[in-house]
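Now for the letters of each chain:
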Amino acid sequence: MSSQPYVMAENLGYAIEPTRQLFDGISLSLATADRVALVGKNGVGKSTLLKILSGQSQPNQGVVSSHGSTYYLPQLSTIRASLRSESVFDVLSAISNEWWEIEQMLETTFGTTLDLSLPIQHLSGGELTQLFLAVGLSRSPDFLFLDEPTNHLDYRALEDLRQMLCQFQGAFVIVSHKPSFLDQVAKTTWELTHGRLQVYGGNFSYYRGQKQLEAAARERAHETARKQLKRAQANALSEQKRAAQSQRSGRQNAGNMPRIVAGNLRRRAESAAGKLKLKHDKVMAAASQKVTETKVRTQRVTSIQLKENGVNHRRLIDIQHADLWVGERWLLRDIELSVGSCDRITITGLNGSGKSCLIKAILGIEPVRLQGDVYLADMKTVYLDQSYDLVERSQTVLQNLQRANPTLNYQLLRHQLGHFLFFNDDVHRVASALSGGELARLAMAMVTISAIDLLILDEPTNNLDITTVDQMVQALTDYHGALWVVSHDLDFLSRINITHSCQLSHQTLQPTVYLPSEQSHYRSELLKEC
């Protein structure tokens, strides 16, 4: 066997339960310098496949053989669930006796310096992602398996990650729903769909182009099959008419010939008609089967509907000359912010600048607090955070929705879950077994069954596939209540009619000159401040 690092998988299969097979019969290989993007819809098993390839989980069938060291970076929600109440230093020293190497890797790769005395739960999603990427890089692995590492990174950190992956000497497999990022780092695309793995020899744009060609070819094949079926139906009808005409002529001529001769002719005609019918039945059956085989499958998509309490304009939040504190640490100064019932605002800034902390202070989540002139109206606020903490992991999908709105009956709850693609026994799955995308769908389902004055979304597109993001855009377009969004997904922000934008920089909150709808100018303004 070669001494070069490799990972090989043969005939992999994994089932969550006897009736739910994620994938089956997957064989693949990974060698040094391979750069792979793993794509597919939420819940198809991308995270499970990464864990199996990295040795974190075992398949139900098949084997994985490898030579070389690996590092697996799970999704942020998994990282947060594993953390205890301890400082950053405690975590690093527990991971490695040479913890300073991790600190140094964090600084050199991402330009990030952390206060090691801080409780690790106080780190932003981006800071946690960078920290655990640095943990992996400090081990000099041959293979990186990265599950949604782009989700919580700001614009500068995304560029740092891009450079790191381009310079990485080993191989990597990355799951991400950011097409532009994948185009820059991946050379091969693996698509996990319908329980199988399809390999495309190019980046995401190449993969998307090939999928479009495949879809067009399927449409043409289906149209050809439909035309062939119509021709077969027309031929059969024409033959039936000719046979009927021949039988009528035979009956008319039968009176002029001996009875025995007429009987023989009738039997021969009936035999010929029967054979012709069998022939046409076979042709029709084959043509119908071809139409069925070439029929283009339509994918079920999430149906998101948000309900606002009302559209009468009123003041919801008014903050004047307030300071933001995290424990005893002064994070932001002299904040001025006003939010009305019809406003749609976004707060942007680098990882750790205080975007999520400002939200938590407004919601009264300790130990973050605002000091100053702060007015908060009596309002119904729904907060969807980065880790989907409103989802109780020990409860089932159905139990979580029941807890979100105990007044809804069973039928309405099932109907609502169906809108979010939870069907049949899916509703009885424990939330801890859901993928990141499925957790996001469940959290959104819980959000949508409440009347809302202010909807706060913290990185809402993380873990969502492209189709579900499109559905969320449509839902937010139709929603007319107050909206507060934190997101580094500029494409998403440009599509949801943001009316006010502010940036956190140098411990202050300042309005931006441009709005996300002016995407190129907006991006340039944000990067200039980084």
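Heads up: these notes are all about the structure in this document. (Residues numbered from 1 in each chain as written. Predicted model: local features only at pLDDT ≥ 70, side-chain atom pairs only at ≥ 80, totals over all residues. Heavy atoms only, no water.)

Digging into the overall build of the protein chain
The secondary structure content of the protein chain amounts to 16 helices and 20 strands. The burial tally for the protein chain puts 48% of its 530 residues in the buried class. Residue pairs in contact within the protein chain that sit at least 24 positions apart in sequence constitute 71% of those at least 6 positions apart. Carbon and sulfur atoms make up 48% of the accessible area of the protein chain, which totals about 26,000 Å². (Helix = DSSP H or I, 4+ residues; strand = E, 2+ residues; numbered from the N terminus. Buried < 20%, exposed > 50% of the residue type's maximum accessible area, 1.4 Å probe, protein only. Contact = heavy atoms within 4.5 Å. Areas by Shrake-Rupley, 256 points an atom, 1.4 Å probe, with all protein chains shown as cover.)

Some words on the nonpolar core
Within the largest apolar cluster, 43 residues are counted, with the highest numbers of intra-cluster contacts made by Val88, Ile120, Leu131, Phe132, Leu144, Leu161 and Leu165. Once residues lying within four places of it in the same chain are set aside, the contact partners of Leu144 are Tyr71, Leu137, Leu165, Phe168, Ala171, Phe172 and Val173. (Core = buried A, V, L, I, M, F, W, Y, C linked by side-chain atoms within 4.5 Å.)

A word on the packing of aromatic side chains
For the structure shown, the criterion picks out six aromatic pairs. Taken together, a centroid distance of 5.4 Å and an interplanar angle of 55 degrees make the contact between Phe204 and Tyr207 tilted. Placement of both Phe204 and Tyr207 in helix α8 (residues 204-254) is noted, with a separation of three residues, approximately one turn of the helix. Phe204 sits in the buried class, given a relative accessible area of 6%. For Tyr207, a relative accessible area of 10% gives the class buried. Aromatic rings pair up to connect Phe89, Trp99 and Trp100 into one cluster. Above the plane of the ring of Tyr375 lies Arg315, whose end atom (NZ or CZ) is 4.0 Å from the centre. A cation over a ring is seen here: Arg441 above Phe422, with NZ or CZ 5.0 Å from the ring centre. (Phe/Tyr/Trp six-rings, centres within 6.5 Å; stacked < 30°, edge-to-face > 60°. Lys NZ or Arg CZ within 6 Å of the ring centre and 35° of its normal.)

Some remarks on the pairing of strand β3 (residues 35-39)
Most of β3 is tucked away: five of the five residues are buried. Side-chain alternation along β3 places Arg35, Ala37 and Val39 on one buried face and Val36 and Leu38 on a second face that is also buried. Both β3 and strand β7 (residues 171-175) contribute to a ladder of four bridges, which runs parallel. What sits directly across from Leu38, in β7, is Val175. As defined by bridge partners, β3 adjoins strand β8 (residues 188-193) across four bridges and the pair is classed as parallel. Each residue of the ladder has a partner; that of Ala37, found in β8, is Thr189. (Pairing = 2+ DSSP bridges.)

Some words on the layout of surface pockets
By volume, the second largest pocket amounts to about 960 Å³. For the second largest pocket, the lining is made up of 48 residues, of which Arg80, His122, Leu123, Ser124 and Gly125 are closest to its centre. (1 Å grid on protein atoms, 1.4 Å probe; cavity = no way out; pocket = protein on both sides within 12 Å on 5 of 7 lines; lining within 4 Å. Points joined across faces, edges and corners; volume = space filled by probe spheres on them.)

Notes on empty space enclosed by the protein
Per the counting criterion, the structure on display carries one cavity of 30 Å³ or more. Of the pockets and cavities examined, the largest cavity occupies roughly 30 Å³. What lines the largest cavity is simply Gln75, Leu76, Ser77, Asn151, His152, Gln386 and Asn463.

Side note on the pattern of salt bridges
Enumeration according to the criterion identifies 10 salt bridges in this entry. Note that Lys211 and Glu191 form a salt bridge whose closest N and O atoms lie 3.0 Å from each other. Note that Lys211 is positioned in helix α8 and Glu191 in strand β8, a separation of 20 residues in sequence. Classification of Lys211 as partly exposed rests on a relative accessible area of 24%. Each of Arg20, Asp426, Arg429 and Glu438 takes part in one network of salt bridges that share partners. (Salt bridge = Lys/Arg side-chain N within 4 Å of Asp/Glu carboxyl O.)

Such coordinate-based values are descriptive only and should not be taken to indicate function.
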